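Chains, contacts and geometry: an overview
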Amino acid sequence: LYEKARQSFEIGEYAQMLEYCLQAHHLSEKGTCGEKAHASIKLSHAYYYLQQKEASIQYLIQARNLSKNCNDSMYNMSLRQLGTLYFETGKIDSAKYFLHLSERRLLATGDWKELSTLYSILGDVYKKHWDRNYFALAEEYALKAQDTVALAFARSKQGIGAAEEG
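To keep things clear, this report deals only with the structure shown in the data block.

The rules behind these values
Residues numbered from 1 in each chain as written. Predicted model: local features only at pLDDT ≥ 70, side-chain atom pairs only at ≥ 80, totals over all residues. Heavy atoms only, no water. Core = buried A, V, L, I, M, F, W, Y, C linked by side-chain atoms within 4.5 Å. Buried < 20%, exposed > 50% of the residue type's maximum accessible area, 1.4 Å probe, protein only. Helix = DSSP H or I, 4+ residues; strand = E, 2+ residues; numbered from the N terminus. Contact = heavy atoms within 4.5 Å. Salt bridge = Lys/Arg side-chain N within 4 Å of Asp/Glu carboxyl O. Expected span 1.5 Å × (residues − 1). Disulfide = S-S within 2.5 Å.

A general tendency of soluble globular proteins is for nonpolar side chains to be buried together. In this structure, Leu82, Tyr86, Leu99, Tyr119 and Leu122 are the most contacted members of the largest nonpolar core, which totals 29 residues. At the level of elements, helix 3 (33-49), helix 4 (53-67), helix 5 (72-88), helix 6 (92-109), helix 7 (112-126) and helix 8 (134-145) are the ones that each hand at least two residues to this core. When residues in this core are grouped by element, the largest group, seven residues, is from helix 7. Apart from the residues within four sequence positions on either side, tyrosine 86 is in contact with Ile57, Ile61, Lys91, Ile92, Ser94, Ala95 and Phe98.

Turning our attention to the side chain of threonine 84. Tracing the chain through its elements places threonine 84 in helix 5. Residue classification places threonine 84 among the buried positions, given a relative accessible area of 16%. Dropping the residues within four chain positions of it, threonine 84 is found in contact with Leu99 and Ile121.

A word on the pattern of salt bridges. Throughout the structure, instances matching the rule amount to eight salt bridges. With its nearest N and O atoms 2.3 Å apart, the salt bridge here joins arginine 6 to glutamate 3. Of this pair, arginine 6 and glutamate 3 both sit in helix 1 (residues 2-10), three residues apart, which is roughly one turn of that helix. Among the residues examined, arginine 6 registers a relative accessible area of 36% and is labelled partly exposed.

Spanning 17 residues, helix 3 covers 25 Å between terminal C-alpha atoms, matching the ideal 24 Å at 1.5 Å per step. Of all the residues in helix 3, the buried ones are Gly34, Ala37, Ala39, Ser40, Ile41, Leu43, Ser44, Ala46 and Tyr47. Packed against the buried residues of helix 3 are helix 1, helix 2 (14-28), helix 4 and helix 5. Once helix 3 finishes, glutamine 51 follows within two positions and takes phi at roughly 65°, a positive value.

Our next topic: the state of the cysteines. The full count for this structure, using the stated rule, is one disulfide. Covalently, cysteine 33 is tied to cysteine 70 through a disulfide, its sulfur atoms 2.1 Å apart. Here cysteine 33 and cysteine 70 share a disulfide; its torsion about the S-S bond, -75°, makes the bridge left-handed. A residue pair is termed long-range when its members are at least 10 positions apart, and cysteine 33 in helix 3 and cysteine 70 in the loop between helix 4 and helix 5 qualify at 37 residues. Look at cysteine 33 and you get partly exposed, because its relative accessible area is 26%.

Set out below in structure tokens:
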């Protein structure tokens, strides 16, 4: 089902992707904690692409709660994605809370790619204050991860931030 959902996503059939993710989520109820959390993250993504951010947040909260005791990487991912969605919906205090919680956990893991993505997002959150150059940190960790996609993302965020500054 996840493969069918991915294929639907690639051709822009987000409603069909949601259907596959709903089916997978239902099937996951009999699975492990990790399988349930994974299904919730996938369902959150489907709702996100359908511009239903509140539903997306609810499934990320579910994924966070499920993965807290069984899968650190999914837990960390759900924290970062919650922070991002709260930022996109204008809930800045919640965004900062989840992003900084994610930061503390990710620094302990050495997951440079995730840290790079996180710092790109924090750069957006704090770009009006510039009290810490998160964009530079995003670039630094992308280089450590040797991940060209993360590096391009970090540099594009930095460029957008600089252009908006004028």
